[in-house]
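Observations on chain architecture
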Amino acid sequence: MTTTLITGGNKGLGRETARRLVAEGHDVWLGARDSERGQATADELGARFLALDVTSDESVQAAASVLESEVGHLDVLVNNAGIPGGWRSPADTTADHVRAVYETNVFGLVRVTHAMLPLLQRSSRPVIVNVSSGMGSLTITSDPDRIESTLLGLPYQSSKSAVNMITSQYARSLPGIRINAVDPGYTATDLNGHRGTQPVEVGAEVIVAMALIGPDGPTGTYRDRTGPIPW
Ligand code: NAP
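My aim in this report is to walk through the structure given alongside it, one point at a time.

What counts, and at which threshold
Residues numbered from 1 in each chain as written. Predicted model: local features only at pLDDT ≥ 70, side-chain atom pairs only at ≥ 80, totals over all residues. Heavy atoms only, no water. Buried < 20%, exposed > 50% of the residue type's maximum accessible area, 1.4 Å probe, protein only. Helix = DSSP H or I, 4+ residues; strand = E, 2+ residues; numbered from the N terminus. Pairing = 2+ DSSP bridges. Right-handed = clockwise from strand over helix to strand, strands pointing away. Contact = heavy atoms within 4.5 Å. Axes fitted to C-alpha atoms, helices over the stretch in contact; angles between N-to-C directions. Near = heavy atom within 4 Å. Polar contact = N/O pair within 3.5 Å; in protein donor to acceptor, adjacent residues only side chain to side chain. Nonpolar A, V, L, I, M, F, W, Y, C, P; charged D, E, K, R; others polar. Phe/Tyr/Trp six-rings, centres within 6.5 Å; stacked < 30°, edge-to-face > 60°. Core = buried A, V, L, I, M, F, W, Y, C linked by side-chain atoms within 4.5 Å. Parallel < 35°, antiparallel > 145°, perpendicular 65-115°, else oblique. Left-handed = near helix turned anticlockwise from the far one by under 90°.

As a further point, take the pairing of strand 2 (residues 27-32). Burial within strand 2 is extensive, with six of its six residues counted as buried. Along strand 2, one buried face is formed by Asp 27, Trp 29 and Gly 31 and the opposite face, lined by Val 28, Leu 30 and Ala 32, is buried too. In the sheet, strand 1 (residues 3-6) pairs with strand 2 via four bridges, with the strands oriented parallel. Bridge assignment links Thr 3 to a residue of strand 2, and that residue is Asp 27. In the classification by handedness, the crossover that spans strand 1, the intervening helix 1 (residues 12-23) and the parallel strand 2 is right-handed. This β-α-β element, strand 2 to helix 2 (residues 35-45) to strand 3 (residues 48-51), shows right-handed connectivity.

The next point concerns the sheet that holds strand 5 (residues 127-131). The strands that make up a sheet pair up through hydrogen bonds in the backbone, lying either parallel or antiparallel. Read from one edge to the other, the open sheet built from eight strands follows the order 3-2-1-4-5-6-7-8, with strand pairing classed as mixed. Two strands close off the open sheet at either side, each with one partner strand: strand 3 and strand 8 (227-228). Contacts from helix 3 (residues 57-70) reach strand 1, strand 2 and strand 3, with the element oriented near 140° to strand 3. Along the sheet face, helix 6 (residues 155-173) touches strand 5, strand 6 (178-182) and strand 7 (222-224) and points at about 165° away from the line of strand 6.

Side-chain alternation along strand 1 places Thr 3 and Leu 5 on one buried face and Thr 4 and Ile 6 on a second face that is also buried. Sheet topology places strand 1 next to strand 4 (residues 76-79); three bridges connect them, and they run parallel. Residue pairing for strand 4: Leu 5 is matched across the bridge by Leu 77.

Around the ligand lies a shell of 30 residues, among which Leu 13, Arg 33, Asn 80, Tyr 156 and Thr 189 are the nearest. Within the backbone of Asn 80, a nitrogen or oxygen atom sits 2.8 Å from an oxygen atom of the ligand. Of all elements in the fold, only helix 1 and helix 6 reach the threshold of two or more residues within the shell around the ligand. Along the lines of polarity and charge, the residues of the shell around the ligand split into ten nonpolar, 13 polar and seven charged.

As a further point, take unusual backbone geometry. In the Ramachandran plot, His 194 falls in the positive-phi region, its phi being about 60° despite a non-glycine side chain. Residue placement: His 194 occurs in the loop between strand 6 and helix 7 (200-211).

With the rule as written, the count across this model stands at three aromatic pairs. Geometrically, the ring pair formed by Trp 87 and Tyr 156 is edge-to-face, given 6.0 Å between the ring centres and 75° between the ring planes. One end of the pair, Trp 87, is in the loop between strand 4 and helix 4 (95-120); the other, Tyr 156, is in helix 6, and 69 residues separate them in sequence. A relative accessible area of 40% places Trp 87 in the partly exposed class.

Of all hydrophobic cores here, the largest spans 30 residues; its most connected members are Leu 5, Leu 52, Leu 67, Leu 74, Leu 77, Met 116 and Leu 120. For this core, the elements supplying multiple residues, two or more each, are helix 3, helix 4 and helix 6. Here this core takes ten residues from helix 4, the largest share from any one element. For Leu 67, the contacting residues outside a window of four places in its chain are Leu 5, Trp 29, Leu 50, Gly 72, His 73, Leu 74, Met 116 and Leu 119. Judged by nonpolar contacts, the second largest core, of 25 residues, contains Val 78, Ile 207, Met 210 and Ala 211.

A separate point is the environment of Val 127. Examined against the element boundaries, Val 127 turns out to sit in strand 5. The exposure class assigned to Val 127 is buried, which follows from its relative accessible area of 1%. The spatial distance from the C-alpha of Val 127 to the C-alpha of Ala 18 is 15 Å, given a sequence separation of 109 residues.

So, on to the packing of helix 4 against helix 6. Direction vectors running N to C along helix 4 and helix 6 enclose 20°, while the axes themselves pass 9 Å from each other. The orientation of helix 4 relative to helix 6 falls into the category roughly parallel. Helix 6 is crossed by helix 4, and the crossing has right-handed handedness. Within the contact between the two elements, helix 4 uses His 97, Val 98, Val 101, Tyr 102, Asn 105, Val 106, Leu 109, Val 110, Thr 113 and His 114 and helix 6 uses Pro 155, Tyr 156, Ser 158, Ser 159, Lys 160, Ala 162, Val 163, Ile 166 and Tyr 170. A class-by-class count of the residues in the contact of helix 4 with helix 6 yields twelve nonpolar, six polar and one charged.

Below you can see the structure in the form of structure tokens.
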């Protein structure tokens, strides 16, 4: 059975990804920082709850220890947890505003990946899916025909650009692991006050598809549900 960890699995795209991967027969460990909501969602979906706050070394180490003792390896890691930060103009943005978003979206992703790598390296078909965004693409955010070009902001956009580069560097340095970045598209979740134009069932498609690739699947790519997209 494929063992899968999803960070931020208690709601939104993470929850929908968990639901779909349970249906695919994965042994899904649903990471969440709030135990009550995480356990309730895991029970509802037939997943296993794993306490995991991506901003805490202690929490992430404890989560890795649980997986180590309960399973001994990890096949699929979905780095999904993310926050938008407040929306304010670049001129009004301070280093603290940027740092707060990076703590989760960038440092959190590296913290979890670093802690889980030894477990992934024990899998015969390890896969990492990093949930990025079209907002992290320099090409897409510069295209006046794209909705992503209409919102200007430093913390979230640049955090997802960092996720893209981190994905590329991990993929190039760890050829035994399939590591890709995905853009779910503008999806109605708490992250955007449910203003997204598509439901989570559509947004999660690319996350699920890249979680299901085998050892011959792509690595070092950035894509949405239609295929590769420009960095
Ligand atoms: P969401 O409904 O707000 O879900 C975000 C999840 O991340 C929640 O489970 C949240 O947990 C969790 N999280 C936040 N900080 C965490 C921490 N420190 N430790 C562990 N979990 C934490 O938003 P979403 O739209 O599903 O977002 C999921 C991912 O998709 C994010 O990386 C986001 O950037 C990306 N994305 C979303 C869209 C979109 O249009 N929605 C588009 C492109 C990319 P709590 O419930 O405890 O806060």
